[in-house]
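One letter stands for each residue in the lines below.
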Amino acid sequence: MSSRLDDARPKPAPPQEVRPQEVLPQQVPAGTPHLRPALHYTARDTWLNDPNGLVFYRGMYHLYYQNNPYGNVWGNMSWGHATSTDLVRWTEQPVAIACDDAEDIYSGSIVVDHANSSGFGSAENPPLVAIYTSAFKPGAAHEGTQAQSLAYSNDAGMTWTKFAGNPVLTRGSTNFRDPKVFSYAGPHGLCWVMAAVEAGEQKVVFYRSTDLRVWELASEFGPANAAGGEWECPDIFPLSVDGDPDRTKWVLVVNINPGAVAGGSGGQYFVGDFDGFTFTPDPSSLLDSPVYGTSGAGAEAGRLRECRWLDWGRDYYAAVSFSNVPDGRRLMVGWLSNWDYANSLPTFPWRSGMSLVREVSLETVDGRPALVQTPILPPLDNVHCLDSRELCGTLALPEILPGTAQVIDAEILPGASDRCGFRLWEDADGGAAVLAYDPAAGVLSLDRTNAGNAAFHPAFASVESAAVALEDGLLTLRIVVDHCSVEVFAQGGKVVLTDLVFPLPGDFGVSVFNDGGDAIIRTLSVSTFI
Ligand code: FRU
């Protein structure tokens, strides 16, 4: 990986140099309960980054994650653990797989080994098998390299044992990591497929196995599309197009840091086919040549915008999907942060949280299959509805009550307005995070430069934007405002924008506004969650 310092240097560094504990000065040692999310998972008092080993098993969703059990900056990487039955309320569990003198436990995945192909369990009690990256420490046998290792659980994911034969897959590489394993049913029967990355070469490498212990190289994919940073945390899964079971496409997710569209970390995806060995992208999913620019500015900016992004905001990274979810549902979670400033987020004692879980599907948009994302939320209650009306200027909405999250659902006809949208976390001095739609440009933007604490890190203040086409003149938004984050799902989830915002205590105001000619609010409701 590149440096874990708060910067976006793209150069790969050897593992012994990637343990930075330096952060900008802690600005909030007294604690920040007003920033603790209500609907998003955070660890009680420690650091977290990537979601790992997402799996559904025996009625329980398991969220493992990159965790520093001893602090609130990146380091001592281990797998933390949380469980949920509804994907919204999570219970923190003891650390699942801990680092030791020989290795840090980097990102990876978990499979339910139903047939006990690995031999770690029994047919009656199939093991859960975690495939994780060992980042070997100085003095360890594989010192300086990253390789893939196994751990297994015989008690439905609550306790884990590292396999004595680790690592099971090495390439002698310093940047080989983040294995995502799934079972593939092909003409040769069932086998396991692993997608991992050679991060510094912008490659996804595919391997195959029958027992999770012995792996053979199948193919490589990349560099392609956004390639201005390290490729990390890949995922690949099939989805039907427009709900038609006879039309299946494969989605290959490749997270990239830096080099994402909004700057720093982000997730891109490709749509194509997979035959158990090789991923072949659809031509409509591929640019002529990779984009090596590292941010949304400069000559390559336009081409970066042509790549397909899971999210157009700054703070949705390392997104991967759950395995073993019934009914073919595909559920994804991302880390609500960006390596540009992650170690400096002004929260205490925890640092970083997870996104809402998002159900993803493939729909034909502009003639090609595209990911559409729907957030999983608890049932809406305390709903405040506004009658349909013309909007001229600013209209105050219910304030954000301390300790609660808000979901705003709106259908707006921007009509002749120059700009319309929402002001979130308004303060007494006119500051706010501004979500605005410009109908002439067809662009939705999110500006956090003048909201709460945007000065804790020089790379934080920013304006994000995405092209959003009106549908029959209508803009449809679902906005989830939860203490220190906003996730915006536009046009039913065809475009998503996620940003962190750090309001000061008391920045509770919310309003809907338009500038220029009139707009019409067709529907608007605000729901409050405790
Ligand atoms: C992504 C990442 C992974 C790595 C992990 C280490 O954010 O860099 O590639 O496995 O974090 O914490």
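Note that the structure is a prediction, hence the values are computed from the model and not measured.

1. A few points about the overall build of the chain
- Each helix and strand counted, the chain has 1 helix and 33 strands in total.
- Taken over the C-alpha atoms alone, the chain extends approximately 70 × 55 × 50 Å along its principal axes.
- When the 530 residues of the chain are sorted by exposure, 60% land in the buried category.
- A total of about 18600 Å² of accessible surface is found on the chain, and carbon and sulfur atoms cover 52% of it.
- Between the centroid of the 34 positive side chains of the chain and the centroid of its 62 negative side chains there is a distance of 3 Å.

2. Brief notes about the domain arrangement of the chain
- As assigned here, the chain comprises domain 1 (6-13 + 42-341 + 352-375) and domain 2 (381-529).
- Viewed at the interface, domain 2 and domain 1 are joined by 2 salt bridges.
- With a closest N to O distance of 2.9 Å, arginine 448 and aspartate 315 form a salt bridge.
- If you look at where domain 1 meets domain 2, you find 15 residue pairs in polar contact (both at pLDDT 80 or more).
- Sorting the residues of the side of domain 1 that touches domain 2 by element identifies strand 19 (358-365) and strand 20 (368-375) as the ones contributing at least two each.
- Counting residues per element, the side of domain 1 that touches domain 2 draws most heavily on strand 20, at 4 residues.
- Considering only residue class, the side of domain 1 that touches domain 2 consists of 11 nonpolar, 4 polar and 8 charged.

3. A word on the confidence of the model for the chain
- Mean pLDDT over the chain works out to 93, with 94% of the residues at or above the 70 mark.
- Note on residues 7-28: pLDDT is under 50 here. Beyond four places in sequence and across chains, it has 54 contacts.

4. Brief notes about the pattern of salt bridges
- This structure, assessed with the given rule, holds 25 salt bridges.
- Residue glutamate 201 is joined to lysine 203 by a salt bridge in which the shortest nitrogen-to-oxygen separation is 3.3 Å.
- Two residues, glutamate 300 and arginine 303, come together in a salt bridge whose shortest N-O distance is 3.5 Å.
- Assessed through its relative accessible area of 22%, arginine 303 is described here as partly exposed.
- When salt bridges that share partners are traced, they join Arg171, Glu198, Glu201, Lys203 and Glu220 into one network.

5. Thoughts on the sheet that holds strand 1 (residues 47-57)
- Pairing within the open sheet is antiparallel, and its 4 strands lie in the order 1-2-3-4. Every other strand in the sheet has two partners, leaving strand 1 and strand 4 (91-97) as the edge strands with one partner each. Averaged over all pairs of adjacent strands, the angle between strand axes in this sheet comes to 30°, irrespective of strand direction.
- Pairing of strand 1 with strand 2 (residues 60-68), which is carried by 7 bridges, proceeds in the antiparallel orientation. In the strand pairing of strand 2, phenylalanine 56 is matched with tyrosine 61.

6. Here we look at the sheet that holds strand 27 (residues 443-447)
- Sheet architecture is open: 6 strands sit in the order 23-32-25-26-27-28, paired in antiparallel fashion. Only two strands of the sheet have a single neighbouring strand rather than two, namely strand 23 (394-397) and strand 28 (463-467). The average undirected angle you get between the axes of adjacent strands in this sheet is 15°.
- The sheet contact formed by strand 27 and strand 28 spans 5 bridges and is antiparallel.

Definitions and limits used
- Residues numbered from 1 in each chain as written.
- Predicted model: local features only at pLDDT ≥ 70, side-chain atom pairs only at ≥ 80, totals over all residues.
- Heavy atoms only, no water.
- Helix = DSSP H or I, 4+ residues; strand = E, 2+ residues; numbered from the N terminus.
- Buried < 20%, exposed > 50% of the residue type's maximum accessible area, 1.4 Å probe, protein only.
- Areas by Shrake-Rupley, 256 points an atom, 1.4 Å probe, with all protein chains shown as cover.
- Lys, Arg positive; Asp, Glu negative; His and termini not counted.
- Charge placed at Lys NZ, Arg CZ, Asp CG, Glu CD.
- Domains from an automatic or database assignment.
- Salt bridge = Lys/Arg side-chain N within 4 Å of Asp/Glu carboxyl O.
- Polar contact = N/O pair within 3.5 Å; in protein donor to acceptor, adjacent residues only side chain to side chain.
- Nonpolar A, V, L, I, M, F, W, Y, C, P; charged D, E, K, R; others polar.
- pLDDT = per-residue confidence, 0-100.
- Contact = heavy atoms within 4.5 Å.
- Pairing = 2+ DSSP bridges.
- Axes fitted to C-alpha atoms, helices over the stretch in contact; angles between N-to-C directions.

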